[in-house]
Amino acid sequence: MALEHFRIDDRLIHGQVVVGWGQPLGLRFIVLVDDEVAESEWEQELYRMGVPPEMDLFFDSVESAARRLPGYRGDRRSGLLLTGDIPTMERLVAKAPGIDRVTVGGIHHKPGRVARLRYVFLTDDEEQRLRALATSGVRVTAQDVPGASPVPLAELLSGDGTG
Amino acid sequence: MTSNKRAVVAGHADYAAGMVSAVAQIAGLGEMFVPVSNTGLAPEAIEAALREQLQASGARVIFTDLPAGSATLAARRVARTDPGLTVVTGASLPALLSWACGCDLPVAVAKGKDSIVLLEGAGGP
């Protein structure tokens, strides 16, 4: 229970998170960390529509998430923290000690990115950032849905997009 | 039946293609729908695909699968800058068929909702 899942997913709140992870884990709260969303009522309302009434959705900037993380960790309900990109998670890890596991849940195709898994496409810079996170002591894996096996970082970075 | 009305159907994996295929098989009206899959696409790319298909088809309606799905979020972002566009979430085959066969959207949505029936035991009463 509590806040155990730290996920990078460019789709943020979507079916895989709310249903795919939400139901088997019994998620009762999600912390969405994104500086732009934290400043936009419209964006927040958009994401609120996507979560069931029994699930709380909290919006934070990196700064406010780092401040509030102890409180989220003290919540006895099952929770998940989301960022939409690697740099945001990287900044959060730097500001909030104790995040020791990060899951790459989905980073999709954009120009400049190379396919590593079906659901993970990375630029050279993003790969470097993931390596740096791992070097700092964070266990980085990729996993889209709960039924899949976590893919270790080395395997992720050597993938060709077919896994 | 001929009609100029068109809709985009968008969702996870092959949901949209499956829906369009089913409408075509049942009513011969598959050409009224343009399928868009979210597979492998970043949020911005889903939004771009929707805009492209709306423009190409002239559709003014987007049917999506999950209310919380990435296709729905992208559709709502498109609708924010296109107030004449309508988004229907949780779209089912009965709803699509009803709309394709001439029902107004509220009626088609109601038919979609009414078609969900729990048949317990040996098939219900």
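Now for a quick tour of the structure. (Residues numbered from 1 in each chain as written. Chains lettered and ligands numbered in written order. Predicted model: local features only at pLDDT ≥ 70, side-chain atom pairs only at ≥ 80, totals over all residues.)

## Some remarks on the overall build of chain A
Part 1 of the reasoning: A tally of regular secondary structure across chain A gives 7 helices and 9 strands.
Part 2 of the reasoning: Rg of the C-alpha trace for chain A: 15 Å, near the compact-globule value of 15 Å for 163 residues, within the 12% margin.
Part 3 of the reasoning: Taking the principal axes of its C-alpha atoms as reference, chain A extends roughly 40 × 30 × 30 Å.
Part 4 of the reasoning: Considering chain A as a whole, with its 163 residues, one finds that 42% of them fall into the buried category. (Helix = DSSP H or I, 4+ residues; strand = E, 2+ residues; numbered from the N terminus. Rg over C-alpha atoms; globule rule 2.2 N^0.38 Å. Buried ≥ 20, exposed ≤ 12 C-beta atoms within 10 Å, placed from the backbone.)

## Regarding helix α1 (residues 15–25) of chain A
The periodicity of an α-helix, 3.6 residues per turn, causes residues three or four places apart in sequence to face the same way.
Part 1 of the reasoning: Within the span of α1 of chain A, buried status applies to Gly15, Gln16, Val17, Val18, Trp21 and Gly22 of chain A.
Part 2 of the reasoning: The elements touched by buried residues of α1 of chain A are β1 (3–9) and β4 (79–83) of chain A. (Contact = placed C-beta atoms within 7 Å.)

## Structural notes on the environment of Ala17 of chain B
All names here are of chain B.
Part 1 of the reasoning: Position of Ala17 among the secondary structure elements: in helix α1 (residues 15–27).
Part 2 of the reasoning: Note on Ala17: 16 C-beta atoms within 10 Å, which makes it partly exposed.
Part 3 of the reasoning: The sequence separation of Ala17 and Val36 amounts to 19 residues, and the corresponding C-alpha distance is 7.5 Å.

## Regarding the packing of α1 of chain B against helix α4 (residues 93–100) of chain B
Residues and elements named next belong to chain B.
Part 1 of the reasoning: With their axes 10 Å apart at the nearest point, α1 and α4 run at an angle of 55° to one another. It follows from the interaxial angle that α1 and α4 lie oblique. Classified by chirality, the crossing of α4 by α1 is right-handed. Contacts between α1 and α4 involve Met19, Ala22, Val23, Ile26 and Ala27 from the first element and Leu93, Leu96, Leu97 and Ala100 from the second. (Axes fitted to C-alpha atoms, helices over the stretch in contact; angles between N-to-C directions. Parallel < 35°, antiparallel > 145°, perpendicular 65-115°, else oblique. Left-handed = near helix turned anticlockwise from the far one by under 90°.)

## Comments concerning the sheet that holds strand β3 (residues 56–60) of chain A
Residue and element names in this part refer to chain A.
Part 1 of the reasoning: The 7 strands are arranged β3-β2-β4-β1-β5-β8-β9 in an open sheet whose pairing can be described as mixed. Unpaired on one side and paired on the other, β3 and β9 (151–152) mark the two borders of the sheet.
Part 2 of the reasoning: As judged from the 5 bridges shared by β1 and β4, these two strands associate in the parallel manner. In the sheet register, Arg7 faces β4, and the bridge partner there is Leu82. (Pairing = 2+ DSSP bridges.)

## Digging into the sheet that holds strand β1 (residues 7–11) of chain B
Residue and element names in this part refer to chain B.
Part 1 of the reasoning: Strand order in this open sheet of 4 strands is β2-β1-β3-β4, and the pairing throughout is parallel. Edge strands, defined here as strands with exactly one partner in the open sheet, are β2 (33–37) and β4 (86–88). Strand-to-strand twist across the sheet, computed as the mean angle between neighbouring axes with direction ignored, equals 20°.
Part 2 of the reasoning: Pairing analysis gives 5 bridges linking β1 to β2, with the strands arranged parallel. Looking at β2, one finds that Ala7 is bridged to Phe33.

## With respect to the pairing of strand β2 (residues 29–33) of chain A
Residues and elements named next belong to chain A.
Part 1 of the reasoning: By the criterion of burial, β2 is predominantly enclosed, with 4 of the 5 residues buried.
Part 2 of the reasoning: Of the pairings in the sheet, the one linking β2 to β3 comprises 5 bridges and is parallel in character. Pairing of Leu32 across the sheet is with Phe59, part of β3.
Part 3 of the reasoning: Where β2 lies against β4, 5 bridges are found, and the strand directions are parallel. Paired with Ile30 across the bridge in β4 is Leu80.

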